[in-house]
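The primary structure of each chain is shown beneath.
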Amino acid sequence: MTKGTCPLTTGQIIDEYFIENRTRLLELAAFLERLDRSADGVDATNDFRMAAFRRALQMIASNAPDKMDQVQLLFSDPTTEPREQLDTKSASGAWNPASEVA
Amino acid sequence: MYYIEMHAHMVSRTTDDYRDMAMAGCVAVSEPAFWAGWDRSSADGFEDYFRQLTEFEPKRAAQASIRHVTWLCLNPKEGEDRTLAAEVLKRIPKYLDRPNVVGIGEIGLNRVTRNEIATLNDHVQLALNSNQLILIHTPHLEDKYKGTRVTIENLQKMKGLRANRVLIDHAEEHTVNMILEAGFYTGFTLYPNTKVSAARAVDMVEKYGTERITVSSACDWGPSVPTAVPQLMLEMRRRGHSEEIIRKIVFENPLEFLLQSGKFELPRLGIQAALRSIAAAT
Ligand SMILES: [Zn+2]
């Protein structure tokens, strides 16, 4: 880890960035609770995007020193083979392992 | 402070945006050819777009005293159509001598398909044959890591390609290191939702240093902020970074890269003044 590269002290970083990140945490909690209140009551954990989301939350809460890179990789396609043809024009935000099997 | 906007799709922006950027210190805009948000129906459509990029936009930018340079290609979102790509590739060379064309871009991969790779390689070959700089787009979201890896592997197979004449754009935390280690320039895209915030861009500068790193707003027809680069400057000041470091990221690095085209100049500073300012800072 590149220690000491941010010019701010720990106290200064907390002073500067605490409120905006507290807000982000509340947004996350609200999003997860909203899923529990969905009109159809379908379990969101079956969605591949939400499965990656849960793993990312665990990574954020861990002590991993490179948690930013690891969260990025949790959402990423780890394969190296090109697709035979275009499936869809746009990415969905998380890699879907099932799409590779098909 | 002066800055260079390294990646902006000004055809989708208003003249007021040019003015706001100029008021915030922008002296030059580099505009890659990109996807219009819908597929063009023919190579003729691309030619009209190339004329817009080389005739109309430089004039509009000049009204705000901004130097406009551009990059030509068939973009990655349409790269799957090999027939259209071949037709557009035939038409690009006649525009390369125009005064504001600095290279081929933004080319690259979207969903990392075999056809996209072939279209990318055709464009790189055209750039090498005509001694053009190259601007590379990397895919979005879950495709970025794989797309960046495959892109770098492909570029490294191209004979005669010099990494310092290629900028691999839209880098994020998990791709920046592989781009810089391979000797390429890179760019961080300051988007409100899908890419990198100013705070994260500054984090990456702190972790990876300032060499060969640029930033841009990549403003286009979607949610994006034309003055995102000055916002990053504010973020760097908020953390106590020196004016020298800020200037290197927002002005000197893009200048150093674009000067390699042999066509880049700054209307009011003059290219000599620009070179002197680099010498003074190093
Ligand atoms: Zn772009």
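Residues numbered from 1 in each chain as written. Chains lettered and ligands numbered in written order. Predicted model: local features only at pLDDT ≥ 70, side-chain atom pairs only at ≥ 80, totals over all residues. Heavy atoms only, no water.

**Q** Honestly, the overall build of chain A in this entry has me stumped. Any pointers?
**A** Each helix and strand counted, chain A has four helices and zero strands in total. Listing each helix as α and each strand as β along chain A from the N terminus yields α-α-α-α. Over its C-alpha atoms chain A spans a radius of gyration of 18 Å, topping by over 25% the 13 Å that the globule rule assigns to 102 residues. With the C-alpha coordinates of chain A rotated into their principal frame, the extents come out at 50 × 40 × 25 Å. In chain A, which comprises 102 residues, the share counted as buried stands at 17%. At a minimum sequence separation of 6, the contacts of chain A that also span at least 24 residues come to 23%. (Helix = DSSP H or I, 4+ residues; strand = E, 2+ residues; numbered from the N terminus. Rg over C-alpha atoms; globule rule 2.2 N^0.38 Å. Buried < 20%, exposed > 50% of the residue type's maximum accessible area, 1.4 Å probe, protein only. Contact = heavy atoms within 4.5 Å.)

**Q** Explanation requested: the pattern of salt bridges in the structure shown.
**A** Two side chains of opposite charge can pair, provided their charged atoms sit close to one another. Evaluation of the coordinates by the stated rule reveals 35 salt bridges over all chains. Two residues, D77 of chain A and K146 of chain B, come together in a salt bridge whose shortest N-O distance is 3.6 Å. Taken as a pair, D77 of chain A in the loop between α3 (67-74) and α4 (97-101) and K146 of chain B in helix α5 (residues 144-157) lie in two separate chains rather than in one. You'll find D77 of chain A and K146 of chain B in the same group, each marked buried. Between R51 of chain B and E55 of chain B there is a salt bridge, and its shortest N-O distance comes to 3.7 Å. Linking R51 of chain B with E55 of chain B, this pair stays in helix α2 (residues 43-62), spanning four residues, or about one helical turn. (Salt bridge = Lys/Arg side-chain N within 4 Å of Asp/Glu carboxyl O.)

**Q** Please clarify how the domain arrangement of chain A should be interpreted in this entry.
**A** Interfaces are often described in size by the accessible area the parts lose on coming together. Residues and elements named next belong to chain A. As assigned here, chain A comprises domain 1 (8-39) and domain 2 (43-81 + 92-97). When each unit is reduced to the centre of its C-alpha atoms, the spacing between domain 1 and domain 2 is 18 Å. In this complex, domain 1 contributes four residues to the contact, which on the side of domain 2 involves five residues. Summing both partners gives a buried area of about 380 Å² for domain 1 against domain 2, and 94% of it is carried by carbon and sulfur. For the pair domain 1 and domain 2, the interface holds zero salt bridges. At the junction of domain 1 and domain 2, the tally comes to zero residue pairs in polar contact (both at pLDDT 80 or more). Split by residue class, the side of domain 1 that touches domain 2 holds four nonpolar, no polar and no charged. (Domains from an automatic or database assignment. Buried area = accessible area lost by both parts, 1.4 Å probe. Polar contact = N/O pair within 3.5 Å; in protein donor to acceptor, adjacent residues only side chain to side chain. Nonpolar A, V, L, I, M, F, W, Y, C, P; charged D, E, K, R; others polar.)

**Q** Would you mind showing me how to read the environment of V29 of chain B here?
**A** In this structure, V29 of chain B sits in strand β2 (residues 26-32). Apart from residues lying up to four places away in sequence, V29 of chain B is in contact with E5, A8, M10, M21, I66, R67, H68 and V69 of chain B.

**Q** I tried to follow the coordination of the zinc ion on my own but got confused; where do I start?
**A** The reference angle at a metal is 109.5 degrees if four donors form a tetrahedron and 90 or 180 degrees if six donors form an octahedron. Residues and elements named next belong to chain B. The zinc ion binds to the protein through H7 (NE2), H9 (NE2) and E106 (OE), with metal-donor distances spanning 2.0 to 2.2 Å. The motif formed by the donor residues of the zinc ion, counted along the single chain, is H-x1-H-x96-E. With respect to burial, H7 and H9 carry one shared label: buried. (Donors = N, O, S within 2.8 Å, 3.2 Å for Na, K, Ca; no water.)

**Q** Is there a simple way to think about the side chain of T70 of chain B in this case?
**A** With respect to the helices and strands, the residue T70 of chain B is situated in strand β3 (residues 67-72). Discounting residues that sit within four places of it in the chain, T70 of chain B has contacts with E31, L53, T54, N100, V101, V102 and G103 of chain B.

**Q** Any chance you could explain the interface of chain B and chain A here in plain terms?
**A** If you look at the interface, chain B gives 31 residues, while chain A gives 34 residues. Between chain B and chain A the total buried area reaches about 3,000 Å² when both faces are included, carbon and sulfur atoms providing 49% of it. D87 of chain A is paired through a salt bridge with R111 of chain B; the nearest N and O atoms lie 2.8 Å apart. Applying the counting rule to chain B against chain A returns 23 residue pairs in polar contact (both at pLDDT 80 or more). Counting residues per element, the ones that place at least two in the side of chain B that touches chain A are α4 (114-129), α5, α7 (198-208) and α8 (228-238) of chain B. Here the side of chain B that touches chain A is composed, by residue class, of seven nonpolar, six polar and 18 charged.

**Q** I keep staring at the environment of L180 of chain B and nothing clicks. Help me out?
**A** For L180 of chain B, the position within the fold is in helix α6 (residues 176-181). Taking the C-alpha atoms as reference points, L180 of chain B and V215 of chain B, 35 residues apart in sequence, are found 14 Å from one another.

**Q** Looking at this structure, how should I read unusual backbone geometry?
**A** A negative phi angle is the norm for most residues apart from glycine, just as the trans form is the norm for most peptide bonds. Residue and element names in this part refer to chain B. For the bond from G105 to E106, the omega torsion is -10 degrees, close enough to zero to count as cis. With respect to the element layout, E106 can be found in strand β4 (residues 101-108). One non-glycine residue with positive phi stands out, namely H170, at about 60 degrees. The phi dihedral of R212 falls on the positive side, at around 60 degrees, and the residue is not glycine. The class for R212 is partly exposed, based on a relative accessible area of 24%.

**Q** When you look at the packing of α7 of chain B against α8 of chain B in this model, what are you seeing that I'm missing?
**A** Geometrically, a packed helix pair is captured by the angle between its two axes and the distance between the axes. All names here are of chain B. At their nearest, the axes of α7 and α8 sit 9 Å apart, and the two run at 60 degrees to each other. By the criterion of interaxial angle, the relationship of α7 to α8 is oblique. Crossing geometry of α7 relative to α8 is assigned as right-handed. For the pair formed by α7 and α8, the contact residues are A198, A199, A201, V202 and V205 on the first element and Q231, L232, E235 and M236 on the second. (Axes fitted to C-alpha atoms, helices over the stretch in contact; angles between N-to-C directions. Parallel < 35°, antiparallel > 145°, perpendicular 65-115°, else oblique. Left-handed = near helix turned anticlockwise from the far one by under 90°.)

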